[in-house]
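Spelled out, the chains give:
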Amino acid sequence: METLDIKGTFRWPSANVLSGRGFLCRLDAKALNYRHAFHAGNFADLVKHAALLELLARLGVSPGPLTVIDTHAGRGLYDLTGPEAQRSGEAEAGVGRLTAAADAPDVFDGLTQAVRALNPDGELRRYPGSPWLIARALRRGDRYLACELRADEHKALQAVLRAAPSAQALCADGFRTATERTPRDGRALVLIDPPFEHADDSRRTVETAAAVLDRNPAAHLMVWLPLKDLATFDAFLGDLEDAVAGKLLIAETRLRPLSDPMKMNGCALVFANAPADLAHPLEAICGWTARVCGETGEARVYER
Ligand SMILES: C[S@@+](CC[C@H](N)C(=O)[O-])C[C@H]1O[C@@H](n2cnc3c(N)ncnc32)[C@H](O)[C@@H]1O
């Protein structure tokens, strides 16, 4: 098998090359340091995954095949007993609190059912990533493209998606894949969930959102972002507003005031072409998470 080995100065490889048959996905690990295993099941995953399931449930009731593109898929399934999760303790403070809670609102039911399915004896050992949740929600005729650039994560992703015939695990740049492969016609959902470890992740997110909506103005878009300080978030929203037409739906989960830009003080979801009734469940998801996982927790859901 031919091997593609990218070392030294990191350049974004072409989706075609990396996902082409006969190529082995192998990238210089230094180029991609981020490992979601440290963060899987944290407060931000609860918000993202509960919201994703609410969105998929709404898109699933309309007839016609849906294409889902997950630009940054990760490994698909996370071991909460592993050294990364144990070291960070983030899952315990996130999904640990959710599964122990007596007062979690119904909007978390889909996520808690998924967690229960993965942990049938009740002990919290595994947590689903977006690929696992999306693959489980696919209907006959739907398609799912999951992009992951890290070789080790991509290998695990392939294994998770092996049983889902309509899902493809691509070792490809997700920004480029969404830009080139969002269907021009028909129903599409693009989830953009970058690690924001590269200086250009924010700019590429805006460019990709614009390119996706240019190809298919009806495509549904869901973007995840860390909330650090207000100025950075506001600049991102301003750039996105300039780049895309139509209203954005924004859901913020603030754990604490957004005063220290060096800290992840919360997370935000930004939607384009959101179903009309998504705001209400988002309020419940962000509100509960901010209250239970936050210090001075606050949630805001609004249109811009
Ligand atoms: C935040 S994690 C994804 C989590 C996943 N969406 C979930 O909810 O379970 C981001 C992942 O994107 C991968 N990655 C980073 N840059 C990428 C790119 N340009 N294209 C595809 N994957 C990328 C990282 O290796 C990492 O596994």
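About the cut-offs
Residues numbered from 1 in each chain as written. Predicted model: local features only at pLDDT ≥ 70, side-chain atom pairs only at ≥ 80, totals over all residues. Helix = DSSP H or I, 4+ residues; strand = E, 2+ residues; numbered from the N terminus. Rg over C-alpha atoms; globule rule 2.2 N^0.38 Å. Buried ≥ 20, exposed ≤ 12 C-beta atoms within 10 Å, placed from the backbone. Contact = placed C-beta atoms within 7 Å. Arc of directions from axis to C-beta. Near = placed C-beta within 6 Å. Nonpolar A, V, L, I, M, F, W, Y, C, P; charged D, E, K, R; others polar. Pairing = 2+ DSSP bridges. Axes fitted to C-alpha atoms, helices over the stretch in contact; angles between N-to-C directions. Parallel < 35°, antiparallel > 145°, perpendicular 65-115°, else oblique. Left-handed = near helix turned anticlockwise from the far one by under 90°. Core = buried A, V, L, I, M, F, W, Y, C linked by C-beta atoms within 7 Å. pLDDT = per-residue confidence, 0-100.

K.L.:
So what's going on with the overall build of the protein chain? Residues and values would help.
P.N.:
In terms of regular secondary structure, the protein chain is built from twelve helices and twelve strands. Relative to a compact globule of 304 residues, whose C-alpha radius of gyration would be 19 Å, the protein chain shows 18 Å and is just as compact. For the C-alpha atoms alone, the extent of the protein chain along its principal axes is close to 50 × 45 × 40 Å. For the protein chain, with 304 residues in total, the buried portion stands at 45%. Looking at the protein chain alone, contacts between residues at least 24 apart form 74% of all its contacts between residues at least 6 apart.

K.L.:
Break down helix α8 (residues 151–161) for me, with residues and values.
P.N.:
Where α8 is concerned, the buried positions are Glu153, His154, Ala156, Leu157, Val160 and Leu161. The buried residues of α8 all sit within an arc of 165° when viewed along its axis, so they share a single face.

K.L.:
Tell me about the environment of Arg125, residues and numbers included.
P.N.:
Inspection of the secondary structure assignment puts Arg125 in the loop between α6 (109–118) and β5 (126–128). As a C-alpha pair, Arg125 and Gly64 span 61 residues in sequence and 36 Å in three-dimensional space.

K.L.:
So what about the site of the ligand? Which residues, and what values?
P.N.:
Inspection of the region around the ligand gives 20 residues, with His72, Gly74, Gly129, Ser130 and Gly174 positioned closest. A per-class count over the shell around the ligand returns eight nonpolar, six polar and six charged.

K.L.:
Can you tell me about the sheet that holds strand β10 (residues 248–254), naming the residues and giving the values?
P.N.:
Read across the open sheet, the eight strands follow the order β7-β6-β3-β8-β9-β11-β10-β12; overall the sheet is mixed. With partners counted over all chains shown, the strands left at the sheet margins are β7 (167–170) and β12 (298–303), one partner each. Taking each pair of neighbouring strands and ignoring which way they run, the sheet shows an average axis angle of 10°. Pairing analysis gives seven bridges linking strand β9 (residues 220–227) to strand β11 (residues 266–272), with the strands arranged antiparallel. Bridged to Met222 within β11 is Phe271. Along the sheet, helix α7 (residues 130–137) makes contact with β3 (66–70), β6 (143–147), β7 and β8 (187–192), crossing β3 at roughly 175°.

K.L.:
Summarise the packing of helix α2 (residues 43–60) against helix α12 (residues 279–293); cite the residues concerned and give the values.
P.N.:
Where α2 contacts α12, the axes come no closer than 10 Å and their chain directions differ by 165°. Comparing their axes, α12 and α2 come out roughly antiparallel. In this structure, the crossing between α2 and α12 has a hand that is right-handed. Contacts between α2 and α12 involve Phe43, Leu46, Val47, Ala50, Ala51 and Glu54 from the former and Pro281, Leu282, Ile285, Cys286, Thr289 and Cys293 from the latter.

K.L.:
Can you lay out the nonpolar core for me, pointing to particular residues and giving the numbers?
P.N.:
Ranked by size, the top nonpolar core spans 89 residues in total, and within it Val47, Ala146, Val190, Ala209, Leu221 and Leu269 carry the most contacts. Top contributing element to this core by residue count: α2, with ten residues.

K.L.:
Requested: an account of the environment of Asp185, with residues and values cited.
P.N.:
Here Asp185 is to be found in the loop between α9 (174–181) and β8. Residues Asp185 and Ala218, 33 residues apart in the sequence, show an inter-C-alpha distance of 8.6 Å.

K.L.:
Give me the lowdown on the confidence of the model for the protein chain, citing residues and values where you can.
P.N.:
Taken as a whole, the protein chain shows an average pLDDT of 91; of its residues, 90% reach a score of 70 or greater. Note on residues 1–24: pLDDT under 50 across the span, and 37 contacts to partners over four residues away in sequence or across chains.

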